[in-house]
Amino acid sequence: MNRTTRTALFAAIGVCCSTGLAWASVPLYRIFCQATGLNGTTGRGIRAPGAVDGKVTIAFDTNVAPSLKWKFAPELEQETIDIGARDMAFFTATNLSDHTITGTATFNVTPAQVGIYFKKIQCFCFTQQTLKPGETQRMPVIFYVDPAILKDPDARDVQTITLSYTFYPVDSGKTPS
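Residues numbered from 1 in each chain as written. Predicted model: local features only at pLDDT ≥ 70, side-chain atom pairs only at ≥ 80, totals over all residues. Heavy atoms only, no water.

Trainee: I'd like a description of the environment of Pro-66, backed by residues and values.
Mentor: Of note, Pro-66 is situated in the loop between strand E2 (55-64) and strand E3 (70-74). When its relative accessible area of 85% is taken as the criterion, Pro-66 is described as exposed. For the pair formed by Pro-66 and Phe-167, sequence separation is 101 residues and the distance between their alpha carbons is 9.6 Å. (Helix = DSSP H or I, 4+ residues; strand = E, 2+ residues; numbered from the N terminus. Buried < 20%, exposed > 50% of the residue type's maximum accessible area, 1.4 Å probe, protein only.)

As structure tokens, then:
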């Protein structure tokens, strides 16, 4: 194999590896954030372990991207829950436009160090939501705060956790009017 062929082969391998890494980086980063709670990323839970001695207030924050003509709000601005107990909160979204729109929600919690302890069992944010013109939909999130938060010196004194959602339009290839 001559020098030019070898250089071309290594360049092609480099391009393939870079493309593969770029393609895998988003899902790998998401998995890493869910495992570590980085940047307030919440984890997924299967079942709440049960209430322990301790309470925390959950505040709810909602936002809508300017390009999405929806009204989106929590039914309660905040609630105090038992740590370890399964809880449910409801949000409502209303399509204010004259056409069907599909949206998707991103989420995080603050302070960031409690993200690893905030577990969602079921959430509207796991799937896209489609609303017809003028339609209002009630959307639940089922969650718990892991009792392990009480053993973490950086998180055990947190009294309020803010769960924040932002809805964005799903790009359907056409511009909303």
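Continuing now.
Trainee: Before we move on, can you summarise a nonpolar patch on the surface with the specific residues and values?
Mentor: Nonpolar side chains collect at one region of the surface, where Met-1, Leu-9, Phe-10 and Ile-13 lie side by side and expose about 450 Å² of accessible area between them. Along the chain, Met-1 falls in the segment before helix H1 (3-36). (Patch = residues over 30% accessible without salt bridge, like charges linked within 9 Å, V, L, I, M, F, W, Y side chains within 5 Å. Areas by Shrake-Rupley, 256 points an atom, 1.4 Å probe, with all protein chains shown as cover. Salt bridge = Lys/Arg side-chain N within 4 Å of Asp/Glu carboxyl O.)

Trainee: Tell me about the state of the cysteines, and name the residues and values.
Mentor: A complete count under the given rule lists 1 disulfide for this structure. A disulfide bridge connects Cys-123 with Cys-125, and the sulfur atoms are separated by 2.4 Å. Linking Cys-123 and Cys-125, the disulfide has an S-S dihedral of approximately 130 degrees and is accordingly described as right-handed. For Cys-123, a relative accessible area of 7% puts it in the buried group. Note on Cys-125: relative accessible area 7%, which makes it buried. (Disulfide = S-S within 2.5 Å.)

Trainee: Any chance you could break down the sheet that holds strand E5 (residues 87-95) for me, citing the residues and the numbers?
Mentor: The 5 strands are arranged E1-E7-E9-E5-E3 in an open sheet whose pairing can be described as mixed. Each edge of the open sheet carries a strand with a single partner, namely strand E1 (43-44) and E3. (Pairing = 2+ DSSP bridges.)

Trainee: Help me get a handle on the sheet that holds strand E4 (residues 78-82), residues and values and all.
Mentor: The strands making up a sheet associate through backbone hydrogen bonding, with each pair oriented either parallel or antiparallel. One open sheet accounts for 5 strands, arranged E4-E2-E10-E6-E8; its pairing is mixed. Because the sheet does not close on itself, it has two edges, and the strands there are E4 and strand E8 (129-131). Between one strand and the next, the sheet's axes are offset by a mean angle of 30 degrees, whatever the strand orientation. (Axes fitted to C-alpha atoms, helices over the stretch in contact; angles between N-to-C directions.)

Trainee: Which residues make up the packing of aromatic side chains, and what values go with them?
Mentor: On inspection of all chains with the given rule, the structure shows 12 aromatic pairs. The interplanar angle of 75 degrees and the centroid separation of 5.9 Å between the aromatic rings of Phe-72 and Phe-124 together place this pair among those described as edge-to-face. Placement of Phe-72 in strand E3 and of Phe-124 in the loop between strand E7 (118-123) and E8 is noted, with a sequence separation of 52 residues between them. Accessibility classification places Phe-72 together with Phe-124 in one group, the buried group. The interplanar angle of 55 degrees and the centroid separation of 6.4 Å between the aromatic rings of Phe-107 and Tyr-165 together place this pair among those described as tilted. Of this pair, Phe-107 sits in strand E6 (residues 101-110) while Tyr-165 sits in strand E10 (residues 160-169), placing them 58 residues apart in sequence. Take Tyr-165: its relative accessible area is 0%, and that puts it in the buried class. (Phe/Tyr/Trp six-rings, centres within 6.5 Å; stacked < 30°, edge-to-face > 60°.)

Trainee: Give a description of the environment of Asp-82 that names residues and reports values.
Mentor: Its location among the elements puts Asp-82 in strand E4. Along the primary structure Asp-82 and Gly-50 are separated by 32 residues, whereas in three dimensions their C-alpha atoms are 8.7 Å apart. Of note is the side chain of Asp-82, whose polar atom sits 2.4 Å from the side chain of Lys-55. (Polar contact = N/O pair within 3.5 Å; in protein donor to acceptor, adjacent residues only side chain to side chain.)

Trainee: Describe in detail the pattern of salt bridges, supporting the description with residues and values.
Mentor: A side chain with one charge can pair with a side chain of the opposite charge if their charged atoms come near. Across all of its chains, the model carries 2 salt bridges by this definition. Among the salt bridges present, the one from Lys-55 reaches Asp-82, with a minimum N-O distance of 2.4 Å. Here Asp-82 lies in strand E4 and Lys-55 lies in strand E2, a separation of 27 residues in the sequence. Here Asp-82 falls in the partly exposed class, since its relative accessible area comes to 30%. When the shortest N-O distance is used, the salt bridge between Arg-138 and Glu-75 registers 2.6 Å. Of this pair, Arg-138 sits in strand E9 (residues 136-145) while Glu-75 sits in the loop between E3 and E4, and the two are 63 residues apart along the sequence. Accessibility expressed as a relative area gives 49% for Arg-138, which makes it partly exposed.

Geometric descriptors of this kind do not, in isolation, establish any biological role.
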